[in-house]
Amino acid sequence: MVSTVLSISGFAALAPAVAQAVAPADYGLHEGDAITANAAAGDPDIYIVNDWGYKRLFVNPAIFNLYGQLGWSKVKQVSAATRDAFVTSGLFRNCETNDQKVYGLDVTGEDTAVLHWVNVTGAQAVAQDPNFFQKVFCINNAEQALYGTGSDFTSLSQIPNYARGATGTGTGTTSGLSVSLASDNPSSGTLIETQSMADLGHFSIMGSGVVHTITLSKLGIAGDSTLTNIYLFVNGVRVTDASTFGSGVVTFNDANGLFTAPAVVQVRADIADATSGQTVGVAMTGLETGTVNVSGNLFSIAANPGDLAQVDMGGALLDSGGGIDPQADVRVWEDSNVQVNNKDVTLTRLTLREIGSVNYSDIQNFRLYVGGVQVATAANLDANGYVTFLTNTALPVGTRDLKVLADVVGGATRTFSFQLKGAYDIQLTDSNYHVGIAATGAVLGKATTTCTVSAAPHVDVTKATNSPSGDVVQGSTGVAIAKYQFQAYGEAIKVDQLGVNASVDGNSGYLRNGRLLINGVQYGSTKSIILNDDHTATTSFTVNY
């Protein structure tokens with residue numbers, strides 16, 4: 001009752017040959033062995049491994065006891081690396097009754113779960129996941145009776161990522177953190193040699209506090225150099241520089257903090273050339289000073305088809321003009337010669353770094369344009385001087401112009417310059433193969449010419465876009481007459497006097513209780529706006545506050 005279901009009636013012939021992840025023999029194990037790791041550290045989880053490189057977790061000890069042939073004395077102690085080499089599966093069928101239905105297990109609590117029938121055909125299952133049938137484990141009547149029953153799953157994408165998170169043991173602001181697979185964790189699939197920014201795993205960090213250290217372990221049959229660059233992202237923004245595996249492990253550490261929990265961490269990496277036939281994945285095995293064990297899915301690597309899209313960043317407009325007054329709509333970066341070849345691509349992310357002396361708050365309201373059309377915005381530079389645009393913009397084959405405008409609101413006598421640090425800060429996807437590609441070209445790593453902000457503080461006043469227009473109703477109260485936008489440049493500016501001119505035409509009486517509000521707060525006293533005594537002339541006057 002612990003062997004893997006290798007065929008289901010009418011389905012076995014549909015399964016294509018797939019790359020095997022690991023084999024039990026690689027670790028001195030056999031099909032059906034029960035394993036555990038870190039028992040001395042209080043990790044109670046017990047798994048069974050199969051010949052296809054997958055393992056199942058017993059949700060609670062009572063379920064393990066339902067299979068008397070296993071026995072607690074037969075459970076084998078293995079290292080965390082061995083445990084994590086086997087990808088955890090939550091697919092089951094009742095072999096005691098020879099039920100042909102496959103169920104996905106949805107863990108609802110520490111020791112509870114619900115079964116959902118995966119209501120798809122065998123052909124649909126294999127099309128969505130070539131490894132589907134290698135992941136199915138047998139259960140008996142007694143175990144099935146312990147679970148509740150949920151609604152059917154009609155797509156493999158609905159199957160929860162079946163993994164157990166462990167609580168970290170960090171101290172200080174990060175105590176009590178825990179990790180699990182995020183709901184949008186990428187499903188198993190195929191990567192391509194030379195692919196850029198492959199999405200390998202999404203991990204949900206729960207709790208609160210600053211996270212300083214994360215450790216990842218490599219899964220699958222692949223060398224350390226298969227993933228040439230590994231990055232951590234949070235909310236689509238890169239939070240680490242590139243790193244690589246060493247002996248199957250990589251640790252990211254920042255004394256100032258990588259990010260603040262709660263957060264979802266995405267792991268992305270570049271795939272090396274000449275790696276087809278390998279399988280690779282990542283598991284999070286360290287959080288702060290604690291040990292965790294959450295495995296992502298496994299991916300197979302295919303050969304480079306040879307006709308991926310190519311993007312050359314030809315030459316940015318590197319001359320910022322030397323010096324400017326504080327003002328809106330300043331062009332802070334531009335590449336007017338982006339060459340897209342072979343196939344269309346999609347731009348999903350652009351990150352620029354400011355390397356001048358301005359305070360990061362001196363430049364605001366960033367806008368990204370492609371071909372003169374605004375495609376993304378970003379309010380401010382982050383604490384490290386980066387601005388990131390997230391978009392989903394098509395770049396057809398040909399020459400494209402990428403430009404960034406911003407408002408320079410301060411920084412008198414200080415400088416600014418913007419840099420596209422490298423290919424890792426522009427994310428592009430081949431429209432045909434739907435894999436990431438790395439840009440090349442002279443712009444990568446270069447910065448715009450340093451621009452100095454002049455010492456010329458001033459205020460721009462414009463009519464607000466939501467300023468009212470049209471007729472008003474006689475006798476109505478609290479009527480908004482006009483709205484204006486005030487923007488200070490160069491430095492903070494105090495307004496001592498503000499004059500309001502009103503023009504009234506006709507003999508319709510007067511406007512009473514005129515009020516001046518700034519950000520919703522009234523300044524000065526209430527004043528009436530009257531006409532000439534004969535009520536026939538146009539009148540203008542000024543009210544100072």
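This write-up is about the structure you can find in this document. (Residues numbered from 1 in each chain as written. Predicted model: local features only at pLDDT ≥ 70, side-chain atom pairs only at ≥ 80, totals over all residues. Heavy atoms only, no water.)

1. Looking at the overall build of the chain
Phase 1: Regarding its fold elements, the chain presents 4 helices and 40 strands.
Phase 2: Of the contacts formed within the chain by residues at least 6 apart in sequence, a portion of 75% connects residues at least 24 apart.
Phase 3: Accessible area of the chain: about 24900 Å², with a carbon and sulfur share of 48%. (Helix = DSSP H or I, 4+ residues; strand = E, 2+ residues; numbered from the N terminus. Contact = heavy atoms within 4.5 Å. Areas by Shrake-Rupley, 256 points an atom, 1.4 Å probe, with all protein chains shown as cover.)

2. Re the sheet that holds strand β5 (residues 87-88)
Phase 1: Pairing is mixed across the open sheet formed by 5 strands, whose spatial order is β4-β1-β2-β3-β5. Edge strands, defined here as strands with exactly one partner in the open sheet, are β4 (76-78) and β5. (Pairing = 2+ DSSP bridges.)

3. What about the side chain of Gln 427?
Phase 1: With respect to the helices and strands, Gln 427 occurs in strand β32 (residues 426-430).
Phase 2: Taking the relative accessible area as the measure of exposure, Gln 427 reaches 14% and is therefore buried.
Phase 3: Discounting residues that sit within four places of it in the chain, Gln 427 has contacts with Met 197, Phe 233, Arg 268, Thr 346, Leu 347, Thr 348 and Arg 349. (Buried < 20%, exposed > 50% of the residue type's maximum accessible area, 1.4 Å probe, protein only.)

4. Points about a nonpolar patch on the surface
Phase 1: On the surface, a nonpolar cluster with roughly 440 Å² of combined accessible area is contributed by Val 459, Val 461, Tyr 484, Phe 486 and Ile 493.
Phase 2: Val 459 sits in the partly exposed class, given a relative accessible area of 31%. (Patch = residues over 30% accessible without salt bridge, like charges linked within 9 Å, V, L, I, M, F, W, Y side chains within 5 Å. Salt bridge = Lys/Arg side-chain N within 4 Å of Asp/Glu carboxyl O.)

5. Quick look at the nonpolar core
Phase 1: In this structure, Trp 333, Phe 366 and Phe 416 are the most contacted members of the largest nonpolar core, which totals 41 residues.
Phase 2: In terms of residue count, strand β24 (residues 327-341) provides more of this core than any other element does, 5 residues in total.
Phase 3: Counting residues in each nonpolar core, the second largest holds 35 residues, with Leu 232, Val 250, Leu 287 and Phe 299 among its members. (Core = buried A, V, L, I, M, F, W, Y, C linked by side-chain atoms within 4.5 Å.)

6. Re the packing of aromatic side chains
Phase 1: In total, this model carries 9 aromatic pairs according to the counting rule given.
Phase 2: A ring pair is formed by Phe 132 and Phe 133, whose centres lie 5.1 Å apart and whose planes are at 85°; its orientation type is edge-to-face. Both residues of the pair, Phe 132 and Phe 133, count as buried.
Phase 3: Both rings, one in Phe 366 and one in Phe 418, keep their centres 5.9 Å apart while their planes meet at 65°; by these two values the pair is edge-to-face. One end of the pair, Phe 366, is in strand β26 (residues 363-370); the other, Phe 418, is in strand β31 (residues 418-419), and 52 residues separate them in sequence. The same class applies to Phe 366 and to Phe 418, which are both buried.
Phase 4: The ring of Tyr 47 carries the charged tip of Lys 55 above its face, separated from the ring centre by 5.1 Å.
Phase 5: The ring of Phe 58 carries the charged tip of Arg 56 above its face, separated from the ring centre by 4.2 Å. (Phe/Tyr/Trp six-rings, centres within 6.5 Å; stacked < 30°, edge-to-face > 60°. Lys NZ or Arg CZ within 6 Å of the ring centre and 35° of its normal.)

7. Observations regarding the environment of Thr 415
Phase 1: Position of Thr 415 among the secondary structure elements: in strand β30 (residues 415-416).
Phase 2: For the pair Thr 415 and Asn 359, spaced 56 residues apart in the sequence, the C-alpha separation amounts to 9.3 Å.
Phase 3: Not counting residues up to four positions away in its chain, the partners in contact with Thr 415 are Glu 354, Gly 356, Ser 357, Val 358, Thr 450, Cys 451 and Thr 452.

8. Thoughts on the sheet that holds strand β15 (residues 227-234)
Phase 1: Read across the sheet, 5 strands follow the order β11-β13-β18-β15-β16 without closing on themselves; strand pairing throughout is antiparallel. Of all the strands in the sheet, the pair left with one neighbour each is β11 (178-181) and β16 (237-238).
Phase 2: Sheet topology note: the β11/strand β13 (residues 198-211) ladder contains 4 bridges and is antiparallel. Residue pairing across strands places Leu 181 opposite Phe 203, the latter belonging to β13.

9. Describing the state of the cysteines
Phase 1: Evaluated as defined, the whole model comprises 1 disulfide.
Phase 2: Through a disulfide, Cys 95 is tied to Cys 138; the S-S separation comes to 1.9 Å. As the torsion about the S-S bond is roughly -70°, the Cys 95-Cys 138 disulfide counts as left-handed. Of this pair, Cys 95 sits in the loop between β6 (91-94) and β7 (103-107) while Cys 138 sits in strand β9 (residues 136-139); the two residues are 43 residues apart in sequence, bridging distant segments of the chain.
Phase 3: Under the relative-accessibility criterion, Cys 95 is labelled buried at 18%. (Disulfide = S-S within 2.5 Å.)

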